[in-house]
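Summary of structural features
Below are the chains, spelled out letter by letter.
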Amino acid sequence: MDLTYTPEEEDFRARLRAWLAGALPGLPPAPSPADWPGRRAYDTGWQRMLHDAGYGDVHWGASPTTRLIFLEETERAGAPYVGANFVGLLHAGPTIAAEGTPEQRARWLPPVLRGDEVWCQGFSEPDAGSDLASLRTRAVRDGDHYVVTGSKIWTSHAEVADWCELLVRTDPDAPRHRGISWLAMPMDAEGITVRPLRTLAGTTEFAEVFLDEVRVPVSHRVGAENDGWRVTMVTLSFERGTAFVGEVVACRRALAELARESRKNGSWDDPVVRRRLGRLHAEFAALWRLTQWNVSESEASGGGVPGVGGSVFKLRYSHARQELYEAAADVLGPDALDLGRAWNTDRLSSLSYTIAAGTSQIQRNIVAERILGLPKGR
């Protein structure tokens, strides 16, 4: 394991910092969080700027360490996050890069990198969330197409997406982990109905998606038929292993801001507050080192796919983020109740982190079985 950076990587960091310093002042104001068409345009516009500057392919065209540096520097500079692009850039894109055919990579990766196309995630169902293998959405082979019927829920950015990474059951008689396939579904296909869901914070980044005999070409299947569970594990390894890297940097920045707020309002004089913020500082510093370790492991494997260490990170990060915003609520006092403040919005969104991208219970099972070698629970 090597947690140091090479001279070439530090040169990349310096060039990226210089470009960000020149590019960020010219960005237009960010749209309202409730304006998803506006946010799509803003997010894809930023991605196009990155692409044209030579930074568009870092998510799968560069080494894991280079990706780490990119996410670290863009977050520290206050650059826009991937936003509506996150499924394409951080989940579907890396999966297709790792598992897709040359034709699939040529078709789907360049538009994501240019900011031309947005993806959503169609995994969870009303009765298949943490127990994803119990999904029921059916895909019946009809010549060169699959005919898909069923429903998905918590489908990220479905209302502004062009494509959906979709899990379907292609063999209902096979063991439940072996009858699943991973499809790329065009969101403008006939038979798709999208119903936005409003979150606790008032936004609609999730949706229910209803599928009524939607025809998806067989050529849009990534991986072999009925091998979708293995492909899904690749997707989830990216989701849990590297997709949260920028958020760790953001939390460290938020913690520093919270310490400044604490000094302003006098709560810093309380040794309990100082101890609490100090422990959180150590927590996120350790999470950053764990991220570097996971990236180093991924690089050493040669495949660039994060390992099960991503579950260790996801488990602890989810709880640390909640603890950070609980501390913020205590330090800010009544100001934390102002829904117009980013602090409160982030606090509300942090409540979902122990559920999203695999619940904490699921992560504990993965750590117990795949890292510690403990027997499976009954």
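Anything mentioned here points back to the structure above.
What comes next is a walk through the structure. (Residues numbered from 1 in each chain as written. Predicted model: local features only at pLDDT ≥ 70, side-chain atom pairs only at ≥ 80, totals over all residues. Heavy atoms only, no water.)

**Focus: the side chain of Thr74**
Note the threshold: The helix count covers DSSP runs of H or I at least four residues long, the strand count covers runs of E at least two residues long, and both are numbered beginning at the N terminus. Two N or O atoms count as a polar contact when they lie within 3.5 Å, although within protein this holds only if one can serve as hydrogen donor and the other as acceptor, and sequence-adjacent residues are included solely when both atoms are side-chain atoms. Pairs of residues are marked as contacts when any of their non-hydrogen atoms sit within 4.5 Å.
With respect to the helices and strands, the residue Thr74 is situated in helix H3 (residues 64-76). Polar side-chain contacts of Thr74 include one of 3.3 Å to the backbone oxygen of Leu71. Apart from residues no more than four positions distant in its own chain, Thr74 is found in contact with Leu20 and Ala79.

**So, the pattern of salt bridges**
Stated precisely, the cut-off is as follows: Any carboxyl oxygen of Asp or Glu within 4 Å of a side-chain nitrogen of Lys or Arg constitutes a salt bridge here. To sort residues, take the accessible area from a 1.4 Å probe on protein chains only and compare it with the maximum for the residue type: under 20% means buried, over 50% means exposed, and anything in between is partly exposed.
Applying the stated criterion across every chain yields a total of 23 salt bridges. With its nearest N and O atoms 3.0 Å apart, the salt bridge here joins Arg15 to Asp11. On the criterion of helical spacing, the pair formed by Arg15 and Asp11 is a turn pair, its members being four residues apart in helix H1 (residues 7-23). Asp11 gets classed as partly exposed once you look at its relative accessible area, which sits at 42%. What you see here is one network of salt bridges that share partners, running through Glu10, Arg13, Arg17, Glu72, Glu73 and Arg76.

**Here's the deal with helix H2 (residues 36-52)**
Note the following rule: A helix is expected to span 1.5 Å for every residue after the first.
Counted at 1.5 Å a residue, the expected span for H2 with its 17 residues is 24 Å, and the 24 Å between its end C-alpha atoms agrees. Listed as buried for H2 are Trp36, Gly38, Arg40, Tyr42, Asp43, Thr44, Trp46, Gln47 and Leu50. Looking at the buried residues of H2, the elements they touch are H1, H3, helix H4 (86-99) and helix H5 (102-114). Two to three positions downstream of the cap, the backbone nitrogen of Gly38 sits 2.9 Å from a side-chain oxygen, assigning the N-cap of H2 to Asp35. Residue Gly54 follows H2 closely and has a positive phi angle near 95°.

**Focus on the nonpolar core**
Within soluble globular proteins, side chains that are nonpolar generally end up buried alongside one another. We apply this condition: Think of a nonpolar core as a cluster: buried Ala, Val, Leu, Ile, Met, Phe, Trp, Tyr and Cys residues, connected wherever their side-chain atoms sit within 4.5 Å.
The biggest cluster of nonpolar side chains holds 25 residues, and the ones touching the most others in it are Leu89, Ile96, Trp119, Leu167 and Trp182. Only H4, H5, strand E4 (163-169), strand E5 (180-186) and helix H6 (228-241) provide two or more residues apiece to this core. If one sorts the elements of this core by residue count, H4 sits on top with five residues. Counting residues in each nonpolar core, the second largest holds 22 residues, with Leu258, Leu280, Tyr317 and Tyr325 among its members.

**Regarding the side chain of Gln121**
Structurally, Gln121 can be placed in strand E1 (residues 119-122). When its relative accessible area of 11% is taken as the criterion, Gln121 is described as buried. Separated by 3.4 Å, the side chains of Gln121 and His91 make a polar contact. Among the polar contacts listed, one links the side chain of Gln121 to the side chain of Glu165, at a separation of 3.0 Å.

**Some details on the packing of H1 against H2**
Put simply, the rule is: Comment: axis = line fitted to C-alpha atoms, over the contacting stretch for helices; angle = value between 0 and 180 degrees taken between N-to-C directions. Working rule for angles: under 35 degrees goes down as roughly parallel, over 145 as roughly antiparallel, 65 to 115 as roughly perpendicular, anything else as oblique. The crossing is said to be left-handed when, going from far helix to near helix, the turn is anticlockwise and less than a right angle, and right-handed when the turn is clockwise. In this count, Pro and Cys sit with the nonpolar residues alongside Ala, Val, Leu, Ile, Met, Phe, Trp and Tyr, while Asp, Glu, Lys and Arg are called charged and the others, Gly among them, polar.
Axis separation between H1 and H2 bottoms out at 12 Å; the angle between their running directions is 135°. Compared by their axis directions, H1 and H2 come out oblique. By crossing handedness, the relation of H1 to H2 is classed as right-handed. Contacts from Trp19, Leu20 and Ala23 of H1 reach H2 at Trp46, Met49 and Leu50. For the contact of H1 with H2, a count of residues per class yields six nonpolar, no polar and no charged.

**Concerning H5**
If you check H5, its first and last C-alpha atoms are 18 Å apart, about what 13 residues at 1.5 Å a residue would give, namely 18 Å. Buried residues of H5: Gln104, Trp108, Leu109, Pro111, Val112 and Leu113, and no others. In the segment just after H5, Gly115 is the residue with positive phi, at about 85°.

**Some words on the packing of H1 against H3**
The contact between H1 and H3 brings their axes to 10 Å, and the two run at 30°. Considering the angle they form, H1 stands roughly parallel to H3. For H1 against H3, the interelement crossing comes out right-handed. Facing H1, whose interface residues are Glu9, Phe12, Arg13, Leu16, Arg17 and Leu20, H3 presents Thr65, Thr66, Ile69, Phe70, Glu72, Glu73, Thr74 and Arg76. Split by residue class, the contact of H1 with H3 holds five nonpolar, three polar and six charged.

**A word on the packing of aromatic side chains**
Operational definition: Planes of paired rings set the category: under 30 degrees apart is stacked, over 60 is edge-to-face and the rest tilted, where pairs are Phe, Tyr or Trp rings (Trp by its six-membered ring) whose centres lie within 6.5 Å. For a lysine, the NZ atom is tested; for an arginine, the CZ atom; a charge sits over a ring if that atom is within 6 Å of the ring centre and within 35 degrees of the ring normal.
This structure, assessed with the given rule, holds seven aromatic pairs. On the numbers, 5.7 Å between centres and 35° between planes, the contact of Trp19 with Trp46 is tilted. Remark: Trp46 occurs in helix H2 and Trp19 occurs in helix H1; sequence separation between them is 27 residues. Residue class for Trp19 comes out partly exposed when judged on its relative accessible area of 22%. On the basis of relative accessibility, which here comes to 5%, the residue Trp46 falls in the buried class. Seen from their ring centres, Trp19 and Tyr55 are 5.5 Å apart, and the 50° between their planes marks the pair as tilted. Of this pair, Trp19 sits in helix H1 while Tyr55 is found in the loop between H2 and H3, placing the two residues 36 residues apart along the sequence. Put simply, the rings of Phe12, Trp19, Trp46 and Tyr55 pair up and form one aromatic cluster. One residue, Arg141, lies across the ring of Tyr146, its end atom 5.8 Å from the ring centre.

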